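Analysis of the macromolecular model
Chain by chain, the residues run as shown.
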Amino acid sequence: MKKLLTIGILIDIVILLLPAVAHAQPPDFPNGSAPVDGGLSLLLAGGIGYGIRKIREKNENNKQQNKT
């Protein structure tokens, strides 16, 4: 229990201090807009990978059910 409390407190401290350390965008970014492409591309790639994994799992389960 004590270990869980310590881990929880450390996570809280990190969450509270992270915005002070990590800035979302540099102050001289044109028009004050944040770049969207980098994160959006990673999110899209992750979604495609997850979808492929689920399709493969479904096909594998279907093959196993057909054999029995």
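Shown above is the structure to which this text applies.
The structure displayed is predicted, hence computed values, not measured ones.

In this section: the overall build of the protein chain. When helices and strands are counted, the protein chain shows two helices and zero strands. Taken across its 68 residues, the protein chain has 0% of its residues classed as buried. Split by element, the accessible area of the protein chain, about 6700 Å² in all, is 67% carbon and sulfur.

This brings us to the pattern of salt bridges. Evaluation of the coordinates by the stated rule reveals two salt bridges. A salt bridge links Arg-53 to Glu-57, with the shortest nitrogen-to-oxygen separation between them at 3.3 Å. Residue Arg-53 and its partner Glu-57 are located together in helix 2 (residues 37–67), separated by four residues, close to a single helical turn. Looking at Arg-53, the relative accessible area reads 46%, which means it is partly exposed. With a shortest N-O distance of 3.7 Å, Lys-54 and Glu-57 are connected by a salt bridge. Of the two residues, Lys-54 and Glu-57 are both situated in helix 2; the distance of three residues between them amounts to about one turn of the helix. On the basis of relative accessibility, which here comes to 33%, the residue Glu-57 falls in the partly exposed class. It is possible to trace a salt-bridge network through shared partners that takes in Arg-53, Lys-54 and Glu-57.

Cut-offs used in this document
Residues numbered from 1 in each chain as written. Predicted model: local features only at pLDDT ≥ 70, side-chain atom pairs only at ≥ 80, totals over all residues. Heavy atoms only, no water. Helix = DSSP H or I, 4+ residues; strand = E, 2+ residues; numbered from the N terminus. Buried < 20%, exposed > 50% of the residue type's maximum accessible area, 1.4 Å probe, protein only. Areas by Shrake-Rupley, 256 points an atom, 1.4 Å probe, with all protein chains shown as cover. Salt bridge = Lys/Arg side-chain N within 4 Å of Asp/Glu carboxyl O.

By themselves, these are just geometric observations and shouldn't be taken as functional.
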